[in-house]
Amino acid sequence: VNECAAGNGGCSSFATCTNTVGSRTCACRAGFTGDGLLCVDVDECATNNGGCSASATCTNNDGARTCACNTGFTGDGVTCTDVNECATNNGGCATAATCTNTPGTRTCACNTGYTGNGLSCTDVNECATNNGGCSANATCTNTPGSRTCACNPGTAGNGITCVGTGETC
């Protein structure tokens, strides 16, 4: 008589029924624990993230688990590699910002001469404060991300330092 033929031989639906001479045995399938008559799911994710990468999320299922790489990583979940967000479209940062790749994400910082949160950067008018560091005898001209200094007529120098020549143009 096939003891396992009807209703899995009384074994748990998560068990394998094996016919023996005059009887049967019940054994829980992989991913379950118990005596075969009662089988309880093993939470594979509870130990060592289920064997998934540290950069992945482990999800327990009946008798198994799945691994999925976290946002900012790519791979099969067991192995996950950081995505360099900065490699495409400057990582979504502003044109006048520097994108820095970090594990799973990126940061954006406005370049020198600009202000903002890195996603949006506005030119700083350096000339608006202390004549932009130019000489008092120079004209400061704001440029994108910087400024230029030019000595006024009748003076000479590099714009940071201007000395009178006594001549006027």
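See the structure printed just above.
Keep in mind the model is a prediction, meaning the values are calculated, not measured.

### Structural notes on the overall build of the protein
And then number 1: Across its full length, the protein holds zero helices and 16 strands.
And then number 2: In terms of overall dimensions, the protein is more spread out than a globule: its C-alpha atoms have a radius of gyration of 35 Å, far above the 15 Å expected for 169 residues.
And then number 3: Projecting the C-alpha coordinates of the protein onto the three principal axes gives extents of approximately 120 × 20 × 20 Å.
And then number 4: Counting all 169 residues of the protein, 31% fall into the buried class.
And then number 5: Here the contacts in the protein between residues at least 6 apart in sequence split such that 17% fall between residues at least 24 apart.

### Remarks on the environment of Thr-115
And then number 1: Within the fold, Thr-115 resides in strand β11 (residues 114–116).
And then number 2: Given a relative accessible area of 47%, Thr-115 falls into the partly exposed group.
And then number 3: Sequence spacing of Thr-115 and Ala-97 is 18 residues, and the spatial spacing of their C-alpha atoms is 9.4 Å.

### Notes on the state of the cysteines
And then number 1: This structure, assessed with the given rule, holds twelve disulfides.
And then number 2: Residue Cys-28 pairs covalently with Cys-39 via a disulfide, S to S 2.2 Å. Note on the Cys-28 and Cys-39 pair: the S-S dihedral is about -95°, so by sign convention the disulfide is left-handed. Separated by eleven residues along the polypeptide, Cys-28 in strand β2 (residues 23–28) and Cys-39 in strand β4 (residues 39–41) bring together distant segments of the chain.
And then number 3: Paired by a disulfide, Cys-69 and Cys-80 hold their sulfur atoms 2.2 Å apart.

### Considerations on the packing of aromatic side chains
And then number 1: With the rule as written, the count across this model stands at one aromatic pair.
And then number 2: Between Phe-14 and Phe-32 the ring centres are 4.4 Å apart and the planes differ by 15°, which places this aromatic pair in the stacked class. Linking Phe-14 in the segment before β1 (15–20) with Phe-32 in strand β3 (residues 32–34), this pair joins segments that are 18 residues apart in sequence.
And then number 3: In this structure Phe-14 comes out as partly exposed when scored by relative accessible area, which is 26%.

### Notes on the nonpolar core
Nonpolar side chains tend to gather and get buried jointly when the protein is soluble and globular.
And then number 1: Residues Cys-86, Cys-93, Ala-94, Ala-96, Ala-97, Cys-99, Cys-108, Cys-110 and Cys-121 constitute the largest nonpolar core, which totals nine residues.
And then number 2: Elements with a contribution of two residues or more to this core: β9 (97–102) and β10 (105–110).
And then number 3: Leave out the neighbours within four places in its chain, and Ala-97 touches Asn-90, Ala-109, Cys-110, Asn-111, Gly-118 and Cys-121.

### Brief notes about the pairing of β9
And then number 1: With six bridges joining them, β9 and β10 adopt antiparallel strand pairing. Considered in β10, the bridge of Ala-97 is made with Cys-110.

### Some words on unusual backbone geometry
And then number 1: Although it is not a glycine, Asn-89 adopts a positive phi angle of roughly 55°.
And then number 2: Take Asn-89: it is sitting in the loop between β8 (80–82) and β9.
And then number 3: Here the phi dihedral of Asn-90 falls at roughly 55°; this positive angle occurs in a residue that is not glycine.
And then number 4: The exposure class assigned to Asn-90 is partly exposed, which follows from its relative accessible area of 28%.

Rules and cut-offs
- Residues numbered from 1 in each chain as written.
- Predicted model: local features only at pLDDT ≥ 70, side-chain atom pairs only at ≥ 80, totals over all residues.
- Heavy atoms only, no water.
- Helix = DSSP H or I, 4+ residues; strand = E, 2+ residues; numbered from the N terminus.
- Rg over C-alpha atoms; globule rule 2.2 N^0.38 Å.
- Buried < 20%, exposed > 50% of the residue type's maximum accessible area, 1.4 Å probe, protein only.
- Contact = heavy atoms within 4.5 Å.
- Disulfide = S-S within 2.5 Å.
- Phe/Tyr/Trp six-rings, centres within 6.5 Å; stacked < 30°, edge-to-face > 60°.
- Core = buried A, V, L, I, M, F, W, Y, C linked by side-chain atoms within 4.5 Å.
- Pairing = 2+ DSSP bridges.

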